[in-house]
Amino acid sequence: MTALLRAPAPALLERFAAIVGARYAVTDTAAQAPYLIEPRGRYPGRTPMVLRPGATEEVAAILKLANETRTPIVPQGGNTGLVGGQTPHETGNEIVLSLGRLDRLRNLDAEANTMTVEAGMTLANARAAAAKADRLFPLSLASEGTCQIGGNLATNAGGTAVLAYGTMRDLTLGLEVVLASGEIWNGLRALHKDNTGYDLRDIFVGSEGTLAIITAAVLKLYPRPRGTALIFAGLPNLGAVLRLLNNARATAGRDLTAFEFMARIGLDFVLRHLPDARDPLSTKHEWYVLAGISSLISDDDARERAEALLAAASEADIVSDAVIAASLAQAGELWRLREALSEVQKHEGGSIKHDVSLPVERMANFIAEASAAALKVVPGARIVPFGHLGDGNVHFNVSQPIGADREAFLARWDEVNEAVHAIVAHYDGSISGEHGIGRAKRHLLTAVKSPVEIALMRKLKAALDPNGILNPGKLL
Ligand SMILES: Cc1cc2nc3c(=O)[nH]c(=O)nc-3n(C[C@H](O)[C@H](O)[C@H](O)COP(=O)(O)OP(=O)(O)OC[C@H]3O[C@@H](n4cnc5c(N)ncnc54)[C@H](O)[C@@H]3O)c2cc1C
């Protein structure tokens, strides 16, 4: 079964609008605009209506009606997704379901280290709610001011703290979802152990809005660190970067809460385009690492461990030069250099993206061979690798040659992807480390999954969404 391919009739739109109230059924073109384009501007779409429900029951009523009338629904959280999963197609047939008004903190139990939040709460607000109760909710992304818990769940978001705390899947105990039929499944359990059959929760995490609408979640909280130390280090080669990672793991264990890396060209882009950015080190290096060490005791404790790590690394000629942030403000400046990387690439012309993951010890070989492969397709292109090295996740981005025509370069997107993904496959990696499949990588899925796996995924989709109303044309 597939959802209807014609635009919903005006009378049907009125029925949808009546569920949320006219004020929250957006039809005005200007007001709709922010919902129709995603951060990379690759998939501009159209919709007859953006619905903004304020309660789970409203979501349920919307899906019931959509299922009965086979109206396609595109769930949207903060609209920061990077694979075009959250915007409607150009057809104008699909209704956008924006979850932003479901943003309540339903419960926070500091003793049990859990909180129950609604899907539309921004990640920054969820982190702030935890901090207010002297707890840590560890998921951390550069987009956290805008992205929402529901979107984080639907994409199984990663970010900079995965090394110590895992992905969004690992941080979730229970879910409330609305099924395509309009039924509500309340799986808001706060149990760490629950062996009562199939784990339904995990089916919905990472399902990119294609199996159900997530409306709330029980999330895990952690003790709030009493101190942190942030290292910014320059290193001569990727081998040294990997050795530093291993040493940091060996000495800090779970207190190593971030290990990010970037090539010099990435720092050059940031210094050129980020206002007030400055190079923290006095000389240039091939590679840079931003490593965070937390302590449950104090800042001094974290700093001492960071200093010991750096002293040993410099003795062994692993690190060429480094600084440890002397204040929270300085740590913020160092993080800004890393977090601006996604944004500043736009100012250097077209950029062809790869969000890939690999067994971490294969990273150096991957980057060397993938660089050669990309340059063979587009000689003169600039390779900008950066990312979450501790998780083996690299954003292997390829910027256009200086002075090249942007559109002509971007027209080579699939060719460059193909060359790079072949090296990913050779090293047993994944073509999506954290951003998901969405529209951008949908055509690649059958090449990286076995026919058995694809068939299972399709059966699951057909069982949960028999009329194909949930985010059609995305993921599968
Ligand atoms: C500057 C920047 C930095 C980023 N850094 C990272 C990073 O480090 N790690 C990382 O993993 N990602 C990163 N991202 C990508 C993005 O922020 C994440 O994918 C995030 O989890 C998306 O959340 P969102 O609320 O914006 O979801 P959206 O973009 O609105 O939606 C993403 C997908 O989830 C679905 N969806 C959204 N809400 C729901 C819901 N309630 N129920 C069912 N389906 C839903 C949508 O249909 C879509 O398929 C970054 C993005 C930007 C712009």
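See the structure above.
Residues numbered from 1 in each chain as written. Predicted model: local features only at pLDDT ≥ 70, side-chain atom pairs only at ≥ 80, totals over all residues. Heavy atoms only, no water.

Peer 1: Lay out the overall build of the protein chain with the relevant residues and their values.
Peer 2: A count of helical and extended segments in the protein chain gives 17 helices and 19 strands. The C-alpha atoms of the protein chain give a radius of gyration of 23 Å, which matches the 23 Å a tight globule of 476 residues would have. Taking the principal axes of its C-alpha atoms as reference, the protein chain extends roughly 70 × 55 × 45 Å. Expressed as a percentage of its 476 residues, the buried residues of the protein chain come to 55%. Taking all contacts inside the protein chain whose residues are at least 6 apart in sequence as the whole, residues at least 24 apart take part in 74%. (Helix = DSSP H or I, 4+ residues; strand = E, 2+ residues; numbered from the N terminus. Rg over C-alpha atoms; globule rule 2.2 N^0.38 Å. Buried < 20%, exposed > 50% of the residue type's maximum accessible area, 1.4 Å probe, protein only. Contact = heavy atoms within 4.5 Å.)

Peer 1: Kindly report on the sheet that holds strand β6 (residues 114-118), identifying the contributing residues and their values.
Peer 2: The antiparallel open sheet is built from five strands, whose spatial order is β5-β6-β10-β8-β9. Every other strand in the sheet has two partners, leaving β5 (105-109) and β9 (184-187) as the edge strands with one partner each. With direction set aside, neighbouring strand axes in the sheet form an average angle of 15°. Taken together, the five bridges between β6 and strand β10 (residues 212-220) define a ladder with antiparallel strand orientation. Bridge pairing links T116 to V218 in β10. (Pairing = 2+ DSSP bridges. Axes fitted to C-alpha atoms, helices over the stretch in contact; angles between N-to-C directions.)

Peer 1: Please give an account of the nonpolar core that cites residues and values.
Peer 2: Grouped together as the largest cluster of nonpolar side chains are 54 residues, with contacts concentrated most on F259 and F366. The element that contributes the greatest number of residues to this core is helix α8 (residues 238-252), accounting for eight residues. Sequence-distant contacts of F366, defined by excluding residues within four places in its chain, comprise V356, L358, S371, V394, F396, V420, I423, V424 and Y427. (Core = buried A, V, L, I, M, F, W, Y, C linked by side-chain atoms within 4.5 Å.)

Peer 1: How would you explain the environment of K64 if you had to name every residue and give the values?
Peer 2: Relative to the elements of secondary structure, K64 occurs in helix α3 (residues 56-69). Given the relative accessible area of 45%, K64 is considered partly exposed. Linking K64 and R226, residues 162 residues apart in sequence, is a C-alpha distance of 48 Å.

Peer 1: Break down the packing of aromatic side chains for me, with residues and values.
Peer 2: Enumeration according to the criterion identifies five aromatic pairs in this entry. Here W185 and F204 contribute two aromatic rings whose centre-to-centre distance is 6.1 Å and whose plane-to-plane angle is 40°, an arrangement assigned as tilted. Placement of the pair is W185 in strand β9 and F204 in helix α7 (residues 200-204), with a sequence separation of 19 residues. Like W185, the residue F204 is buried in the burial classification. Arranged with centres 5.4 Å apart and planes meeting at 65°, the rings of F366 and F396 form a pair that is edge-to-face. Of this pair, F366 sits in helix α13 (residues 363-377) while F396 sits in strand β19 (residues 393-399), and the two are 30 residues apart along the sequence. Comparing F366 with F396 shows no difference in burial state: the two are buried. We note R42 situated over the ring of W413; from NZ or CZ to the ring centre the distance is 3.7 Å. Between the NZ or CZ atom of R101 and the centre of the ring of Y24, over which it lies, the distance is 3.4 Å. (Phe/Tyr/Trp six-rings, centres within 6.5 Å; stacked < 30°, edge-to-face > 60°. Lys NZ or Arg CZ within 6 Å of the ring centre and 35° of its normal.)

Peer 1: How would you summarise the pattern of salt bridges if you had to cite specific residues and measurements?
Peer 2: For the structure shown, the criterion picks out 27 salt bridges. R106 serves as the salt-bridge partner of E118, at 3.0 Å between the closest nitrogen and oxygen. On the criterion of sequence distance, the pair formed by E118 in strand β6 and R106 in strand β5 is long-range, its members being twelve residues apart. By relative accessible area, which is 5% here, E118 ends up buried. Between E348 and R382 there is a salt bridge, with its nearest N and O atoms 2.8 Å apart. Of this pair, E348 sits in the loop between α12 (341-344) and β16 (351-352) while R382 is found in strand β18 (residues 382-388), placing the two residues 34 residues apart along the sequence. (Salt bridge = Lys/Arg side-chain N within 4 Å of Asp/Glu carboxyl O.)

Peer 1: Residues and numbers for the sheet that holds strand β1 (residues 25-26), please.
Peer 2: Across the sheet, four strands lie side by side as β1-β2-β4-β3; this open sheet has mixed pairing. Strand pairing shows two members of the sheet lacking a second neighbour, β1 and β3 (73-76), which therefore form its edges. Sheet topology places β3 next to strand β4 (residues 95-98); four bridges connect them, and they run parallel. In the strand pairing of β4, I73 is matched with I95. In this fold α3 packs onto β2 (50-51), β3 and β4, with an angle of close to 155° to the strand it touches most, β3.

Peer 1: Can you tell me about the site of the ligand, naming the residues and giving the values?
Peer 2: Neighbouring residues of the ligand: 34 residues in total, closest P75, G77, T80, G81 and S143. Measuring from an oxygen atom of the ligand, one finds a backbone N or O atom of G81 at 2.7 Å. For the ligand, an oxygen atom lies 3.5 Å from a polar atom in the backbone of G151. When isolated, the ligand has an accessible area of 980 Å², and the protein chains bury 93% of it. Among the elements of the structure, β3, α5 (149-154) and β10 are those that each provide at least two residues to the shell around the ligand. Among the elements that line the shell around the ligand, the one with the most residues is α5, at four residues. Here the residues of the shell around the ligand are counted per class, giving twelve nonpolar, 20 polar and two charged. (Near = heavy atom within 4 Å. Polar contact = N/O pair within 3.5 Å; in protein donor to acceptor, adjacent residues only side chain to side chain. Areas by Shrake-Rupley, 256 points an atom, 1.4 Å probe, with all protein chains shown as cover. Nonpolar A, V, L, I, M, F, W, Y, C, P; charged D, E, K, R; others polar.)

Peer 1: Break down α3 for me, with residues and values.
Peer 2: Given a rise of 1.5 Å per residue, 14 residues ought to cover 20 Å, and the 20 Å separating the end C-alpha atoms of α3 matches this to within 8%. T56, V59, A60, I62, L63, L65, A66, N67 and T69 are the residues of α3 that are buried. Following α3 by one or two positions, R70 adopts a phi angle in the positive range, close to 55°. (Expected span 1.5 Å × (residues − 1).)

Peer 1: Explain the pairing of β4 to me, using residue names and the numbers behind them.
Peer 2: When a strand is regular, its side chains alternate between the sheet's two faces. Here β4 shows a buried face lined by I95 and L97 and a second buried face lined by V96 and S98. In terms of strand pairing, β2 meets β4 through two bridges, oriented parallel. Bridge pairing links L51 to L97 in β4.

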